[in-house]
Amino acid sequence: MTVSSWRLKIQHRTGFTYAGKVDSSYNEARMSPRNETRQAVLDARVEVWPTARTYRYEDYWGTIVTAFDVHSAHESLQVTATATVETLPAGDLLPSTGGVGWEELATPANVDRWHELLLPTPRTAIDEELTELAESVRADHPTPHAAAMALCELIRAEMKYEAGATGVQTDAVQSWRQRKGVCQDISHLVVGLLRAMGTPARYVSGYLHPNPEAAVGETVVGQSHAWVEWWVGRWTAFDPTNGVPVGERHVVVGRGREYADVPPLKGVYSGPPNTGQGVEVSLTRLR
């Protein structure tokens, strides 16, 4: 059997501009893809302007962090992450009867093991209406995996994807009430509902090539993307925004409880106000 892998080049530029000269800044970038089962990182680098010494480490959640301090006066900060990654197609999803059952998922050992991924967070907390929705989906399905798949289908049917409809601080309840949002909002909503059903769930950040039939060598404008993973005896990755399993078009950068655990760039600085953040992502299929 031949496995059709993709080779993708990703370039992600982001940074801040300020209303004057900043004396110093202390920053963390989470923009480097991970080496793992379904993706191999062939090359990755992070470049910073103004020039600064960088150092890399893995954070608590396993995301690669490039940390750097800038101590020369600057009116803007630019970070460019470039990577070449080989990705595999989506594996087979579990059948609706697959994975652990509701009783096994609720055992003290599993609840303790995944405790942090069962708790609500500021962006994934849900209200009474959504709790009732989670309970009804759970009641209608024999296994946690079947319920998770049904939940993704339901949210995709109810939520309209609309760029600019929300901001990075929008939470699951806000996006649900307006029935629109971006991949971040849809993922936060699904994660919150999964946790309310008692299913451990995590938020995944990365990149998505927008074209399943992408031509080799063509560079397209992309963006950061978000999807979800749930644990039912094994981790299952699914993209609820697009209604597809995570496959060769997806590149994982980080995982956590929600967006706050995996922001592409964050930091603190001493100086005048921040006047804006720019983001440019380009994706090229090399093979």
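Residues numbered from 1 in each chain as written. Predicted model: local features only at pLDDT ≥ 70, side-chain atom pairs only at ≥ 80, totals over all residues. Heavy atoms only, no water.

A.B. asks: Quick question: what am I supposed to make of the overall build of the protein here?
C.D. replies: Of regular secondary structure, the protein possesses 6 helices and 16 strands. Taking 287 residues into account, the globule formula puts the C-alpha radius of gyration at 19 Å, and the protein, at 20 Å, falls close to it. Buried residues in the protein amount to 50% of all 287 residues. Here the protein displays about 13,500 Å² of accessible surface, and carbon together with sulfur accounts for 50% of that area. Averaging the positions of the 27 positive and the 34 negative side-chain charges in the protein gives two centres separated by 6 Å. (Helix = DSSP H or I, 4+ residues; strand = E, 2+ residues; numbered from the N terminus. Rg over C-alpha atoms; globule rule 2.2 N^0.38 Å. Buried < 20%, exposed > 50% of the residue type's maximum accessible area, 1.4 Å probe, protein only. Areas by Shrake-Rupley, 256 points an atom, 1.4 Å probe, with all protein chains shown as cover. Lys, Arg positive; Asp, Glu negative; His and termini not counted. Charge placed at Lys NZ, Arg CZ, Asp CG, Glu CD.)

A.B. asks: Whenever I open this one, the nonpolar core confuses me. Can you help?
C.D. replies: Soluble globular proteins tend to bury their nonpolar side chains together. Ranked by size, the top nonpolar core spans 32 residues in total, and within it Leu151, Ile155, Leu189, Leu193, Leu194, Met197 and Trp230 carry the most contacts. Breaking this core down by element, the ones donating at least two residues are α1 (102-105), α3 (128-139), α4 (144-158), α5 (172-178), α6 (183-196) and β11 (224-231). Looking at this core, the element that brings in the most residues is α6, giving 6 residues. When near neighbours in sequence (up to four residues on either side) are disregarded, Leu193 contacts Ile126, Leu130, Leu133, Ala134, Leu151 and Ile155. Of all hydrophobic cores here, the second largest spans 27 residues; its members include Ile10, Ala52, Phe68 and Val70. (Core = buried A, V, L, I, M, F, W, Y, C linked by side-chain atoms within 4.5 Å. Contact = heavy atoms within 4.5 Å.)

A.B. asks: How do you make sense of the pattern of salt bridges when you look at a structure like this?
C.D. replies: Note on pairing: side chains with opposite charge can pair once their charged atoms come close. Summed over the entire model, instances satisfying the criterion amount to 16 salt bridges. Two residues, Asp127 and Arg177, come together in a salt bridge whose shortest N-O distance is 3.5 Å. A residue pair is termed long-range when its members are at least 10 positions apart, and Asp127 in the loop between α2 (108-113) and α3 and Arg177 in helix α5 qualify at 50 residues. A residue is classified by how much of its surface remains accessible, and Arg177, at 61% relative accessible area, is exposed. Several salt bridges share partner residues, and in doing so they unite Arg34, Glu36, Arg202, Glu229 and Arg255 into one network. (Salt bridge = Lys/Arg side-chain N within 4 Å of Asp/Glu carboxyl O.)

A.B. asks: What is the right way to read the pairing of β11 from this model?
C.D. replies: Two faces make up the sheet, and in a regular strand the side chains alternate between them. With 7 of 8 residues buried, β11 lies mostly within the body of the structure. With 4 bridges joining them, β11 and strand β12 (residues 235-239) adopt antiparallel strand pairing. Residue pairing for β12: Trp231 is matched across the bridge by Trp235. The turn joining β11 and β12, which pair antiparallel and follow one another in sequence, is formed by 3 residues; a positive phi near 100° is taken by Gly233. (Pairing = 2+ DSSP bridges.)

A.B. asks: Got a minute to help me understand the packing of aromatic side chains in this structure?
C.D. replies: If you walk through the whole model with that rule in mind, you get 6 aromatic pairs. Arranged with centres 4.8 Å apart and planes meeting at 55°, the rings of Tyr18 and Tyr269 form a pair that is tilted. A residue pair is termed long-range when its members are at least 10 positions apart, and Tyr18 in strand β1 (residues 6-22) and Tyr269 in strand β15 (residues 265-270) qualify at 251 residues. The class of Tyr269 is partly exposed, set by a relative accessible area of 32%. Plain terms: the ring middles of Trp114 and Trp231 are 5.4 Å apart, the flat faces sit at 45° to each other, and that makes the pair tilted. (Phe/Tyr/Trp six-rings, centres within 6.5 Å; stacked < 30°, edge-to-face > 60°.)

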